[in-house]
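Examining the three-dimensional arrangement
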Amino acid sequence: MISMILTKIFGSKNDRVVKSITPTIDLINQKEPAVSKMSDEDLKSQTALFKKRLQEGETLEDILPEAFAVVREASKRVLNMRHFDCQLIGGIILHQGKIAEMKTGEGKTLVATLPAYLNALNGKGVHIITVNDYLAKRDSEWMGKIYHFLGLSCGTIVHDLNDKERQAAYGCDITYGTNNEFGFDYLRDNMKFNKESLVQGELSYAIVDEVDSILIDEARTPLIISGPAEKSTSLYYQVNSIIPSFSKDVDYTIDEKARSAVLTEAGVAKAEKKLQVSNLYDPKHIELLHHTNQALKAHTLFKRDVDYIVKNGEVIIVDEFTGRLMPGRRYSDGLHQALEAKENVKIENENQTLATITFQNYFRMYDKLAGMTGTADTEAAEFKKIYNLDVVVIPTNQPMIRTDFPDVIYKTKKEKYEAVLDEIVELHEKGQPVLVGTISIDISESLSEKLKKRGIKHSVLNAKHHSQEAEIVSLAGQKNAVTISTNMAGRGTDIVLGEGVTDLGGLHILGTGRHESRRIDNQLRGRSGRQGDPGSSRFYLSLEDDLLRIFGGERI
């Protein structure tokens, strides 16, 4: 109660932080008329002047107002985009090494140019980290025009570059790339024998786009460089053949919450009989026991087209947070081989780890770390505790007018999906565009089948092709459009409303289930109602959904 009264009088901590930046924003705006009168040549020469002032002892804070005014003017001339005041606030927050939470459609890509330019002036290099190769390429080409205009170099790190190309990209003032590429380059550098072959250089300042996805969802994902280990694969087939004869609750038990499957005493006895060993827990059979446990896990906990897909004779992992395919990534401890045996595809040899690091440990090595996203406030405590990063919510440029309807809960999945289809048909008939968010690839494909039967034209996005994805997502706001997408597909691409859509109520977001992470649901919602556009959202749930079944408790 007292804290609520104090907040009313003094404003929240967030309001106070934003308020403290206002004088700097006024300073930048005061400089705008003078900067806009400069010729292109004068504007370009500012970079050299700023560098000289830094060498003479001034700090980045001293030159911030002028540097931001210069970037804003360059952007107006090159891209015909002027940074709004709230984008300047975001830029200052990023420069201070904090996380800027900005709603979807508020122009986060443009915001990053301000602190990137300022921090690149000290010659130590700035890394801008995106969630996929497509965005890294798009952003570096698009925003690179501003940097090039002002005399700074801009590079991109993508999947198939050789060491020389990587060295050149890291040698630029500003480097765009994905978290995976930066992390793996660090590992590869640590395995090299001489200084000349290193590519990455020092880790001075990083701006992480979609910071929640990279620093929290994937924080403990280990990046592993591995080499082949000599091991026979016949054991996998042998163990795999006995699992189908096991019965749930008789031979094994499952704990879905902890994602574990354990053999019962009867199951152990059955396994010993089928594998012809006297005691499965004898130290000499430890490998056999391990293989049996992994095969059990593969058969009971991992579902095809949800956790992984089989494509061209390979088992490919599906990222549970983004719904994207992760070719080249493999489960460790023989689990991937157990899945290959289960799906009857070629079993690849096990690997041994040569070098490994988690994203959490990698990003904590930067001297200064900043990030931006549409949804970080729900995780503010975790950012503070693990990375010592404060989250500041940036006010929107236009007020938010999206209507978020309460969730609708049905008893069974069948009823839920019928209701979902009815709403899609109803909105489609009046011409309002609908973006349908699903939790997994197989749900999006089964919904697609049902829509085909009802004769509704639609697009399906399940994170297999990033560039096509961006194109489809950008058209999702056109009249009559129906787009089915896994939760995070097309992230980073603006959905612009087509002609007449505003009068129909804007883009409607239809969630077919809640994700374990509330933030991912907010990401989906945030695709609608950008820059003051109208929009609406509604989530459909059923008592049979995994989330309610596993976490709902006895009362349900």
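What you see is a predicted model; the values in this text were computed from it and never measured.

Concerning the overall build of the chain
Along the chain, the regular secondary structure elements total 22 helices and 21 strands. Computed over C-alpha atoms, the radius of gyration of the chain comes to 26 Å, within 12% of the 24 Å expected from 2.2 N^0.38 for 556 residues, which places it in the range of a compact globule. For the chain, the C-alpha atoms occupy an extent of roughly 85 × 65 × 50 Å along the three principal directions. The buried share of the chain, reckoned over its 556 residues, is 52%. In the chain, 73% of the contacts between residues at least 6 apart in sequence involve partners at least 24 apart. Accessible area of the chain: about 26,300 Å², with a carbon and sulfur share of 50%. On the chain, the mean spot of the 71 positive side-chain charges and the mean spot of the 79 negative ones are 2 Å from each other.

Digging into the domain arrangement of the chain
Entries for the chain in the domain assignment read domain 1 (1-225 + 358-393), domain 2 (233-349) and domain 3 (403-552). The straight-line distance from the C-alpha centre of domain 1 to that of domain 2 is 43 Å. Taken together, the six residues of domain 1 in the interface contact four residues of domain 2. Summing the contributions of domain 1 and of domain 2, the shared interface buries around 430 Å²; its carbon and sulfur component is 43%.

Some details on the packing of helix H4 (residues 60-78) against helix H5 (residues 85-95)
In the contact formed by H4 and H5, the axes pass within 12 Å of each other and the chain directions differ by 140°. Our classification of the angle between H4 and H5 gives oblique. Where H4 crosses over H5, the two elements pack in a sense that is right-handed. Mapping the contact onto sequence places Leu60, Glu61, Leu64, Phe68 and Arg72 in H4 and Asp85, Leu88, Gly91, Ile92 and His95 in H5. Grouping the constituent residues of the contact of H4 with H5 by class yields five nonpolar, two polar and three charged.

Quick look at the pairing of strand E5 (residues 205-209)
Among the five residues that make up E5, five are buried, leaving the element largely enclosed by the rest of the structure. On E5, burial covers both faces: Tyr205, Ile207 and Asp209 on one face and Ala206 and Val208 on the other are all buried. Bridging between strand E2 (residues 126-130) and E5 involves four bridges; their strand directions are parallel. Opposite His127, over in E5, you have Ala206 as the bridge partner. Here E5 pairs with strand E13 (residues 368-373) via five bridges, running parallel. Directly across from Ile207, in E13, lies its bridge partner Ala370.

Quick look at the environment of Val211
With respect to the element layout, Val211 can be found in helix H11 (residues 211-217). Between the C-alpha atom of Val211 and that of Ile347, which follows or precedes it by 136 residues, the distance is 36 Å. Contacts of Val211, omitting those with residues within four sequence positions, involve Ile99, Ile216, Gly371, Met372, Thr373 and Phe383.

Some details on H4
Maximum bend of H4: about 35°, positioned at Glu66. One or two positions beyond H4, positive phi appears at Asn80, with a value near 60°.

Cut-offs and rules
- Residues numbered from 1 in each chain as written.
- Predicted model: local features only at pLDDT ≥ 70, side-chain atom pairs only at ≥ 80, totals over all residues.
- Heavy atoms only, no water.
- Helix = DSSP H or I, 4+ residues; strand = E, 2+ residues; numbered from the N terminus.
- Rg over C-alpha atoms; globule rule 2.2 N^0.38 Å.
- Buried < 20%, exposed > 50% of the residue type's maximum accessible area, 1.4 Å probe, protein only.
- Contact = heavy atoms within 4.5 Å.
- Areas by Shrake-Rupley, 256 points an atom, 1.4 Å probe, with all protein chains shown as cover.
- Lys, Arg positive; Asp, Glu negative; His and termini not counted.
- Charge placed at Lys NZ, Arg CZ, Asp CG, Glu CD.
- Domains from an automatic or database assignment.
- Buried area = accessible area lost by both parts, 1.4 Å probe.
- Axes fitted to C-alpha atoms, helices over the stretch in contact; angles between N-to-C directions.
- Parallel < 35°, antiparallel > 145°, perpendicular 65-115°, else oblique.
- Left-handed = near helix turned anticlockwise from the far one by under 90°.
- Nonpolar A, V, L, I, M, F, W, Y, C, P; charged D, E, K, R; others polar.
- Pairing = 2+ DSSP bridges.
- Bend = angle between axes of the 7 residues up to and from the residue.

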